[in-house]
Amino acid sequence: MSQSIGRNKSSTTFHFLAGLGSGTFGAVLLQPFDLLKTRVQQSGSHSIRVAIREIANSPNALTAFWRGTVPSALRTGLGSAIYFTTLNTIRQRATALSFATVPHTDPRQSSSSLPKLSNTANLVSGAFARAFAGFILMPLTVIKVRYESNLYSYKSIAGAAKDIYRTGRLPGFFAGFGATAIRDAPYAGLYVLSYEQFKKRLSSWHFPSSSIPHGIGMGMGMGMGGSLSATINFSSGALAGATCSFISNPFDAVKTRIQLQPRQYRNMLQACRKMVAEEGLRSLYDGLALRMTRKAISSALAWTLYEEFIRRAESTLHRGSARDHV
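In this text, all values refer to a predicted model and were calculated from it rather than measured experimentally.

Trainee: Got a minute to help me understand the overall build of the chain in this structure?
Mentor: Assigned secondary structure in the chain consists of 12 helices and zero strands. Going from N to C terminus, the chain has its helices and strands arranged as α-α-α-α-α-α-α-α-α-α-α-α. Taken across its 326 residues, the chain has 48% of its residues classed as buried. Considering only contacts within the chain whose residues lie at least 6 apart along the sequence, 79% involve residues at least 24 apart. Of the roughly 15800 Å² that the chain leaves accessible, carbon and sulfur atoms contribute 65%.

Written out as structure tokens, the structure reads:
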């Protein structure tokens, strides 16, 4: 009994650390995309080329493109850790429900060791996990967006937090949460659903029939080979990220305006109406190319690294358990 509890704790720790590592790595690597997206969205008159030129003309152009990396890495790293841990907990619980699961497939034809759930279960679990993580990390999100904007000249995270509390008190740290939740929850739900479907389709293309050569991917005892599974997971993550980013971009554009200019854009509905009335429907898709590119790459990296960390961790546990029984 104690051994089972220990394994459950280890599993939770693995998922937390895997999410933390993959999220932090992606946030640092892709921070220039996030910075450019914020600058483009803060004003309808900005183009990507103008934003790049403006940042490049800074005294230290290289570091200027990574402005806001610390709050971004903290938010994305911790957010990914909380998200993946919560998502794993929900999906593990869902496997006990007959209507939430799907028939098992040959592990040698699967690029993942994660639970296989129905489309509805993937949609709901992804949405709930993201909304929960988003609420907890909302203060860091507000600080991150303002840090990246040139409307504020914060010198430190502490200084940004003090200014936000001075002007908006505690609710100031949750500005734009409605738009964020409406953007992130459906996005995450659709993402998990799309990601699993893309994995299924890509795996079926590689293994068109149910009969595959014995021994493929059996060396680790954990499914198909590492390089093949990583390729399928990365491709699926990129496709799902780009697709869902296009669908959810209007909410991201509205959220950015609310967080940067809360006095002018008071809530999601009023902000949306004001943006469309003054700048047209195009304003809802400001920063789309940057967001699609960043989301496609970051999602692909995060999920590929996460799945690889979990695959290797479970393989290690599997070998350790086998030795214990010898």
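Moving on from the coordinates now.
Trainee: Teacher, can you tell me more about the packing of aromatic side chains here?
Mentor: In this description, an aromatic ring pair is defined by two values, namely the gap between the centres and the angle between the planes. Taken as a whole and judged by the stated rule, the model has 10 aromatic pairs. Seen in terms of ring centroids, Tyr83 and Phe84 are 5.3 Å apart; in terms of plane orientation they differ by 55 degrees. Their pairing is tilted. Comparing Tyr83 with Phe84, the two get one shared label, buried. On the basis of an interplanar angle of 45 degrees and a centroid distance of 4.7 Å, the ring pair of Tyr195 and Trp303 is categorised as tilted. With a gap of 108 residues between them, Tyr195 in helix α9 (residues 177-206) and Trp303 in helix α12 (residues 288-324) connect regions that are remote in the sequence. An identical accessibility class is assigned to Tyr195 and Trp303; each is buried. Among the aromatic residues, those joined into a ring-pair cluster are Tyr83, Phe84, Tyr187, Tyr191, Tyr195, Trp303 and Tyr306. Stacked on the ring of Tyr83, the Lys or Arg Arg130 has its end atom at 4.1 Å from the ring centre. Across the ring face of Tyr265, the terminal group of Lys274 is positioned such that the distance to the ring centre comes to 5.7 Å.

Trainee: Explain the side chain of Thr85 to me, please; I cannot follow it from the model alone.
Mentor: Here Thr85 lies in helix α5 (residues 69-94). A distance of 2.6 Å separates a polar side-chain atom of Thr85 from the backbone oxygen of Ala81. Setting aside its immediate chain neighbours within four residues, Thr85 contacts Thr12, His15 and Phe16.

Trainee: Can you help me understand the environment of Gly178 in this one?
Mentor: Positionally, Gly178 belongs in helix α9. Assessed through its relative accessible area of 41%, Gly178 is described here as partly exposed. Distance in space between the C-alpha atoms of Gly178 and Asn267 is 8.0 Å, their sequence separation being 89 residues.

Trainee: It is not clear to me how the side chain of Ser194 should be interpreted in this structure. Could you clarify?
Mentor: Within the fold, Ser194 resides in helix α9. With relative accessibility at 17%, the residue Ser194 sits in the buried group. Ignoring any residue separated from it by four or fewer positions in sequence, one finds Ser194 in contact with Ala240 and Cys244.

Trainee: Explanation requested: helix α8 (residues 157-172) in the structure shown.
Mentor: Compared with the 22 Å implied by 1.5 Å per residue over 16 residues, the 15 Å span of α8 between its first and last C-alpha is markedly short. Maximum bend of α8: about 85 degrees, positioned at Arg166. Taken as a whole, α8 has its buried residues at Ala160, Asp163, Ile164 and Gly172.

Trainee: Sorry, what's going on with a nonpolar patch on the surface here?
Mentor: A cluster of nonpolar side chains, namely Phe16, Leu17, Val70, Leu74 and Leu78, defines an oily patch on the protein surface of about 410 Å² accessible area. When residues of the nonpolar patch are assigned to their parent elements, the largest contribution, three residues, is made by α5. Relative to the helices and strands, Leu74 is located in helix α5. Given a relative accessible area of 38%, Leu74 falls into the partly exposed group.

Parameters at a glance
Residues numbered from 1 in each chain as written. Predicted model: local features only at pLDDT ≥ 70, side-chain atom pairs only at ≥ 80, totals over all residues. Heavy atoms only, no water. Helix = DSSP H or I, 4+ residues; strand = E, 2+ residues; numbered from the N terminus. Buried < 20%, exposed > 50% of the residue type's maximum accessible area, 1.4 Å probe, protein only. Contact = heavy atoms within 4.5 Å. Areas by Shrake-Rupley, 256 points an atom, 1.4 Å probe, with all protein chains shown as cover. Phe/Tyr/Trp six-rings, centres within 6.5 Å; stacked < 30°, edge-to-face > 60°. Lys NZ or Arg CZ within 6 Å of the ring centre and 35° of its normal. Polar contact = N/O pair within 3.5 Å; in protein donor to acceptor, adjacent residues only side chain to side chain. Expected span 1.5 Å × (residues − 1). Bend = angle between axes of the 7 residues up to and from the residue. Patch = residues over 30% accessible without salt bridge, like charges linked within 9 Å, V, L, I, M, F, W, Y side chains within 5 Å. Salt bridge = Lys/Arg side-chain N within 4 Å of Asp/Glu carboxyl O.

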